[in-house]
There are 2 protein chains.
Amino acid sequence: MQELQEKIKKDGVVLGGNILKVDSFLNHQIDIDLLNKIGQEFKNRFTNKHITKILTVEASGIAVAAISAQHFNNIPILFAKKNKTKNIDQNSVYSSQAQSFTHGTTYEIIVSKAFLSKDDTVLLIDDFLANGCALEALVDICHKAQANIAGAGIVIEKGFQEGGKRIRSKNIQLESLAIIEKMDANGIIFR
Amino acid sequence: MQELQEKIKKDGVVLGGNILKVDSFLNHQIDIDLLNKIGQEFKNRFTNKHITKILTVEASGIAVAAISAQHFNNIPILFAKKNKTKNIDQNSVYSSQAQSFTHGTTYEIIVSKAFLSKDDTVLLIDDFLANGCALEALVDICHKAQANIAGAGIVIEKGFQEGGKRIRSKNIQLESLAIIEKMDANGIIFR
């Protein structure tokens, strides 16, 4: 997606440790115009799937999912929560483990069983795909709910990390709107 | 807002400890149609303010803020992050302390100084107002940034808790689309 790549080149900041800061438009301050173009592009790429629900994970996937849902007939979105409490009734939720690339920690994500079932065809959405753990946890939750996975829509994939390969190897249609092949102080090269 | 009150009566679940579960349409699974009506109503109530940015706090305020921004000429949204890392450069962020009613914990929220300034007129948005601590922390951050506060738009206010009174006493225009006067196993009464 040309406009997104240009935006990343213009406003993204490459930091050490393979970190790309896009907090001026994607995951802290958020450009709503751009999100609508992203949502339209997801619709173009998943146009013939009969998607009933968009599933993402808090926090930075939520805005992308909410705006994108409008391009899919305002289907509901559902965001997996990062479990902070010990006293969740485990019988009422689907849960999975994920690892944070940025924070170097492992966390549990949960989705209420009431909102995901075998009658759903789910589009997974997230802002970033790096090592793929968050997305794999969403896939795991869909499997536990016996929901169909229509595919995964990612805004920025770090193509030099493993996540993309791991998701594609599961035969999931993965659509990343910008795939970074290489980035360093000299700039960003897209695949 | 009549439609919102009806939705809360129909799909909200009152639990012990003054907890209202609205996770089927507001803060886990999210009804995008309803959010657009909420966003339009916020626009009606803040129509003459020249708002430049919407500020909310992760996670459940983000979808409300993102959809609402579309009714304010697609102004950017900014979500305060709950600080989980010790190694944030404190010189680059505005921070404030807030207490979670639901989880009984205190946490720090942060906003990058790059995205909030005296040139901004800010609409604060959140899904719930209970004791008011999250909203007061957002107010505090705006004061630190010398940003103007146009007002606060809340989806559901628990009118029997202190937050509304505390925010209104600061001369901030507070617009809560549904104010719960009383709730228990017998039902919900709105103000």
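Heads up: the structure comes first, above all this text.
Since the structure is predicted, the reported quantities are computational estimates derived from the model, not experimental observations. (Residues numbered from 1 in each chain as written. Chains lettered and ligands numbered in written order. Predicted model: local features only at pLDDT ≥ 70, side-chain atom pairs only at ≥ 80, totals over all residues. Heavy atoms only, no water.)

## Brief notes about unusual backbone geometry
Here the residue pair E58(A) and A59(A) is connected by a cis peptide bond, since its omega of -5 degrees sits within 30 degrees of zero. Note that A59(A) resides in the loop between β4 (53–57) and α3 (61–69). For N74(B), which is not glycine, the phi dihedral falls at a positive 55 degrees. For N74(B), the position within the fold is in the loop between α3 (61–69) and β5 (77–82). Looking at N74(B), the relative accessible area reads 23%, which means it is partly exposed. Even without being a glycine, N171(B) presents a positive backbone phi close to 60 degrees. Mapped onto the secondary structure, N171(B) falls in the loop between α5 (163–168) and β10 (174–184). (Helix = DSSP H or I, 4+ residues; strand = E, 2+ residues; numbered from the N terminus. Buried < 20%, exposed > 50% of the residue type's maximum accessible area, 1.4 Å probe, protein only.)

## Some details on the packing of α3(A) against α3(B)
Two elements in contact, α3(A) and α3(B), have axes separated by 9 Å at closest approach and are oriented at 45 degrees. Taken as axis vectors, α3(A) and α3(B) run oblique relative to one another. The element α3(A) and its partner α3(B) pack so that their crossing is right-handed. For the pair α3(A) and α3(B), the contacting residues are I62(A), A63(A), A66(A) and I67(A) in the first and I62(B), A63(B), A66(B) and I67(B) in the second. Residues that form the contact of α3(A) with α3(B) fall into these classes: eight nonpolar, no polar and no charged. (Axes fitted to C-alpha atoms, helices over the stretch in contact; angles between N-to-C directions. Parallel < 35°, antiparallel > 145°, perpendicular 65-115°, else oblique. Left-handed = near helix turned anticlockwise from the far one by under 90°. Contact = heavy atoms within 4.5 Å. Nonpolar A, V, L, I, M, F, W, Y, C, P; charged D, E, K, R; others polar.)

## Quick look at helix α1 (residues 2–11) of chain A
Residues and elements named next belong to chain A. L4, Q5 and I8 are the residues of α1 that are buried. Mapping the buried residues of α1 onto a view down its axis gives an arc of 100 degrees, with all of them on the same face. With respect to the buried face of α1, the exposed residues turned more than 90 degrees away are Q2, K9 and K10. Check the buried side of α1 and you find it contacts β2 (19–21), α2 (32–45), β9 (148–158), β10 (174–184) and β11 (187–190). (Arc of directions from axis to C-beta.)

## Quick word on a nonpolar patch on the surface
Together, V13(A), L15(A) and I19(A) give the surface a local cluster of nonpolar side chains, amounting to about 210 Å² of exposed area. Tracing the sequence through the fold places I19(A) in strand β2. (Patch = residues over 30% accessible without salt bridge, like charges linked within 9 Å, V, L, I, M, F, W, Y side chains within 5 Å. Areas by Shrake-Rupley, 256 points an atom, 1.4 Å probe, with all protein chains shown as cover. Salt bridge = Lys/Arg side-chain N within 4 Å of Asp/Glu carboxyl O.)

## Some thoughts on the interface of chain A and chain B
Opposite the 33 residues of chain A that make contact, chain B presents 33 residues. Taken over both partners, the interface formed by chain A and chain B buries close to 2700 Å², and the fraction arising from carbon and sulfur atoms is 63%. At the boundary of chain A with chain B, the tally comes to 15 residue pairs in polar contact (both at pLDDT 80 or more). Those elements giving two or more residues to the side of chain A that touches chain B turn out to be β3 (29–30), α2, α3, β5 (77–82) and β7 (106–112) of chain A. The biggest single contributor to the side of chain A that touches chain B is α3(A), with five residues. Classifying every residue of the side of chain A that touches chain B by side-chain character gives 16 nonpolar, 11 polar and six charged. For β5(A) and strand β3 (residues 29–30) of chain B, the ladder comprises two bridges, and the chain directions are antiparallel. Within β3(B), the position partnered with I77(A) by the bridge is I30(B). (Buried area = accessible area lost by both parts, 1.4 Å probe. Polar contact = N/O pair within 3.5 Å; in protein donor to acceptor, adjacent residues only side chain to side chain. Pairing = 2+ DSSP bridges.)

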